[in-house]
Amino acid sequence: MRVFVTGASGWIGSAVVDELLAADHEVVGLARSDASASALEAKGATVLRGDLDDLDALRRGAVDAEGVVHLANKHDWANMAESNRAERAAVETLAEALVGTGRPLVLAAGVAGLTTGRPATEADPSPAIGPESPRGGAENLALAYVDRGVRTVSLRFAPTVHGDGDGGFIAIITDAARRHGVSASVGDGATSWSAVHVTDAARLVRLGLESAPAGSRLHAVAEEAVPSREIAQAIGDALGVPVTAVAREDAVEHFGFIGMFFGLDMSAASEHTRRVLDWTPTGPGLLEDIKAGAYRGA
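Keep in mind the model is a prediction, meaning the values are calculated, not measured. (Residues numbered from 1 in each chain as written. Predicted model: local features only at pLDDT ≥ 70, side-chain atom pairs only at ≥ 80, totals over all residues. Heavy atoms only, no water.)

(A) Quick peek at the overall build of the protein. In terms of helices and strands, the protein carries 12 helices and 12 strands. For 298 residues, the compact-globule formula gives about 19 Å, and the C-alpha radius of gyration of the protein, at 19 Å, lands near that figure. Based on the C-alpha atoms only, the size of the protein along its principal axes is roughly 55 × 40 × 40 Å. For the protein, the proportion of its 298 residues judged to be buried stands at 53%. A separation threshold of at least 6 residues defines the contact pool for the protein, and within that pool the share at least 24 residues apart is 79%. Carbon and sulfur atoms make up 50% of the accessible area of the protein, which totals about 12,300 Å². Charge separation in the protein, taken as the distance between the mean sites of 26 positive and 40 negative side-chain charges, equals 2 Å. (Helix = DSSP H or I, 4+ residues; strand = E, 2+ residues; numbered from the N terminus. Rg over C-alpha atoms; globule rule 2.2 N^0.38 Å. Buried < 20%, exposed > 50% of the residue type's maximum accessible area, 1.4 Å probe, protein only. Contact = heavy atoms within 4.5 Å. Areas by Shrake-Rupley, 256 points an atom, 1.4 Å probe, with all protein chains shown as cover. Lys, Arg positive; Asp, Glu negative; His and termini not counted. Charge placed at Lys NZ, Arg CZ, Asp CG, Glu CD.)

Next up, the structure:
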């Protein structure tokens, strides 16, 4: 299959490109810089120059592909309105290009905010509807294209897609521990995050692209609920610093923007995903990765 991948040189995207190439798919990766283009070409992928705002490039990539994997996102935490606008415009462009083809559009989504008081499941619809909502309501927008002949698959990632080399949320929390000389949780640390190793997430993207039914909501979740106090303890042990707690109202000052999320419960289940796609995570767990030093030099 000729697959167009946005975010192809990112943390998850790089692993997805490797997974697709290993399965003998042809990959066309969107690249906005010379460094990204060189990295993709070195892997054996074809490069399409452009970025998330280059809707013409997105349209060309999708029209020429037999499947699309959309992983790019601006993640501009200082201007979420712009991130949401760009995400919605990109998803609409990709979906319009695939109308009537029956080809797959696999797009990245998240498990945050789906439920309260219990782990989110694949049966839980996203409450984000419309352009002003988180991620511009892109998941619901894309799923609406199923009736127009697009095999939309929403792939909801755990809040931490971890592994050696990850520069995401856990790296930022680890950096705060290094900066302050203490590893902290928010409040009593009872809230939990789901987690998945990057290799398991990449394999699920491939499986979803190849065979997930139209309209699927999949959860890239290997561990349903890792308590934040255990995450803080593992980071403290890895860095050799004491472990403490910060009040919820002080979380942003201590951690930076990630303090808005570290105290939230973002647990999620993946039983349906595992059953439908015969997906069995095999990578190390989050605490195992932290203790092994994956974030020691982050």
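Moving on from the coordinates now.
(B) Molecular detail of the sheet that holds strand E11 (residues 223-227). Strand order in the open sheet made by the 3 strands is E7-E9-E11, with mixed pairing throughout. Two strands in the sheet have a free side with no partner beyond their single neighbour: strand E7 (160-162) and E11. Between one strand axis and the next, the sheet turns through 45 degrees on average, direction left out of account. As defined by bridge partners, E7 adjoins strand E9 (residues 192-197) across 3 bridges and the pair is classed as parallel. Each residue of the ladder has a partner; that of Thr 160, found in E9, is Ala 195. Lying over the sheet, helix H8 (residues 228-239) contacts E9 and E11, oriented at roughly 70 degrees with respect to E11. (Pairing = 2+ DSSP bridges. Axes fitted to C-alpha atoms, helices over the stretch in contact; angles between N-to-C directions.)

(C) Looking closely at the environment of His 162. With respect to the helices, strands and loops of the structure, His 162 is situated in strand E7. Judged by its relative accessible area of 1%, His 162 is buried. For the pair His 162 and Val 205, spaced 43 residues apart in sequence, the C-alpha to C-alpha distance is 15 Å. At a separation of 3.5 Å, a polar atom in the side chain of His 162 contacts the main-chain amide nitrogen of Leu 286. (Polar contact = N/O pair within 3.5 Å; in protein donor to acceptor, adjacent residues only side chain to side chain.)

Purely spatial values, then, with no claim about function.
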